[in-house]
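# Residue-level structure breakdown
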Amino acid sequence: MHILPPTLITLFALLPLAYAGGPTNKNSDGSCSQSNNQLQLGTYQLTSDCADTNFCNDAGRCVAKGCRRDEFPLGYPQGAQLPPRCRSDEFCPDEGDKCQSLLPVGSPCQLNRDDECAPPPNFRQLADKNTNHNGSVCINFQCMWSNVTLGQPCLVEQMPYTAYGTGNFEFIYVVSRGNCIPDLYCDAAQKICMKEKQFGAACTADKECESNNCLENLTCGVVPSAPKHFGIWVYIVVGLGLLFGMVGTLVVLYMFHRKTREVEREKRTQYWREQNAFRQNILQMRDTAKASLLSLSLHGSDTPRSTVYRDNGREQTTSEESAVPMMSRRPVTGNSFVTNTRDDDSIHGETPMLLPADQEGGGWGDRLPAGRKPFQGRR
């Protein structure tokens, strides 16, 4: 069985009183009653019979608000025409009816509306964004200045708000405020201004700490918005980690590239070996063919490398002045065996060679012994 929190019990008890005799539905153009204007329990937000964009005037009608306090007020749709904001010497009340002049010291003010009070002459020295507004403060619904010094009597205001923790856990959060000068706080028990405590000191409320942050262990902590600082060793470890990471990455990439390069080199070497073996085979075949042709059994000085140009059965030599062509030759009839020369023969130091294979007429045929025919082709 779950026990209801005290806040909910109080809320249920006050609901009949809060809404008795008044309408519960908000109407932008309907009637209203200013007696139904009240602060909502838990948040202390002003509520009325009108919508968030309207207020209840003295005639009991809901009309559009004439001013606004926030940059983006609640309840207005996107692109809607917003009411104007007030000047620096004016304020917009919670009802939002119109801008009003700042209130002097001792005037009644609305809850937590320090901006409704006129600032003191030395507001620059007394201003503190955490405890007052331009040196002015609204304590117990009355305007006053935050000018009480150390050890002097002060006024304190404590308002309980409904807060929610993890798992929708509900608890009471008390906000305590005073009228002391900056760096001092009004002690709720003694009602005098005391010096704010430093980091690590014992505390019972946020206002007692310079950081305005009293931790759960009841000691003053750092400012919640303060950046977190790390030791120099953290930066050294992070730097070394980055350095080793970059070096390791470069080493891995180098090893991978080296392995890939060795594979490509092996492929090129294998290709060169195959091409070289193919070339050697071709050269060997050519040398074998030449050796077979040169191994013919010839007589005398009539060799395949001798001059084969004849004229009337005798060898003819030419000189530079001779008009006879150097490459003159008798017509070849019948089957012939001619080995064509190529340009690459001269590359290897070989002499171009013409091998006639005429069986009749001038040439080898008429110089062979009787009864022997010239050889045609390889055996």
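Residues numbered from 1 in each chain as written. Predicted model: local features only at pLDDT ≥ 70, side-chain atom pairs only at ≥ 80, totals over all residues. Heavy atoms only, no water.

## Notes on the state of the cysteines
- For the structure shown, the criterion picks out ten disulfides.
- Shown here is the disulfide that connects Cys 32 with Cys 56, its sulfur atoms set 2.0 Å apart. Judged by the sign of its S-S torsion, about 95°, the cystine formed by Cys 32 and Cys 56 is right-handed. Taken together, the positions of Cys 32 in the loop between helix H1 (6-19) and strand S1 (38-39) and Cys 56 in strand S3 (residues 54-56) put the pair 24 residues apart, joining distant regions of the chain.
- Take Cys 56: its relative accessible area is 8%, and that puts it in the buried class.
- At a sulfur-sulfur separation of 2.0 Å, the disulfide partner of Cys 117 is Cys 143. Negative torsions about the S-S bond denote left-handed disulfides, and the value of about -80° found for Cys 117 with Cys 143 makes this one left-handed. (Disulfide = S-S within 2.5 Å. Helix = DSSP H or I, 4+ residues; strand = E, 2+ residues; numbered from the N terminus. Buried < 20%, exposed > 50% of the residue type's maximum accessible area, 1.4 Å probe, protein only.)

## Observations concerning the confidence of the model for the protein chain
- Considering every residue of the protein chain, the mean pLDDT works out to 77; 70% of them sit at 70 or more.
- A low-confidence stretch, residues 1-25 (pLDDT under 50), is modelled with 16 contacts involving residues beyond four sequence positions or located in other chains.
- Here residues 304-379 is modelled with pLDDT under 50, and outside its nearest four sequence neighbours on either side it reaches 83 contacts, counting other chains as well. (pLDDT = per-residue confidence, 0-100. Contact = heavy atoms within 4.5 Å.)

## So, the nonpolar core
- Residues Val 148, Cys 154, Val 156, Cys 180, Leu 184, Cys 186 and Cys 193 constitute the largest nonpolar core, which totals seven residues.
- Excluding residues that lie within four positions of it along the chain, Cys 180 makes contacts with Ser 146, Val 148, Cys 154, Tyr 185, Cys 186 and Cys 193.
- Judged by nonpolar contacts, the second largest core, of six residues, contains Cys 109, Cys 117, Cys 138 and Cys 143. (Core = buried A, V, L, I, M, F, W, Y, C linked by side-chain atoms within 4.5 Å.)

## Some words on the environment of Ser 33
- You can see Ser 33 is positioned in the loop between H1 and S1.
- Once the C-alpha coordinates of Ser 33 and Arg 61 are considered, the two residues, 28 residues apart in sequence, prove to be 7.9 Å apart.
- The contacts of Ser 33, once residues within four sequence positions are left out, are Asp 49 and Cys 56.

## A closer look at the pattern of salt bridges
- Within the structure shown, the criterion is met by 13 salt bridges.
- Asp 115 is the salt-bridge partner of Arg 113, the closest N and O atoms lying 2.9 Å from each other.
- The exposure class assigned to Arg 113 is buried, which follows from its relative accessible area of 1%.
- On the basis of relative accessible area, Asp 115 is assigned to the buried category, the value being 19%.
- Through salt bridges with shared partners, one network takes in Arg 69, Asp 94, Arg 113, Asp 115 and Glu 116. (Salt bridge = Lys/Arg side-chain N within 4 Å of Asp/Glu carboxyl O.)

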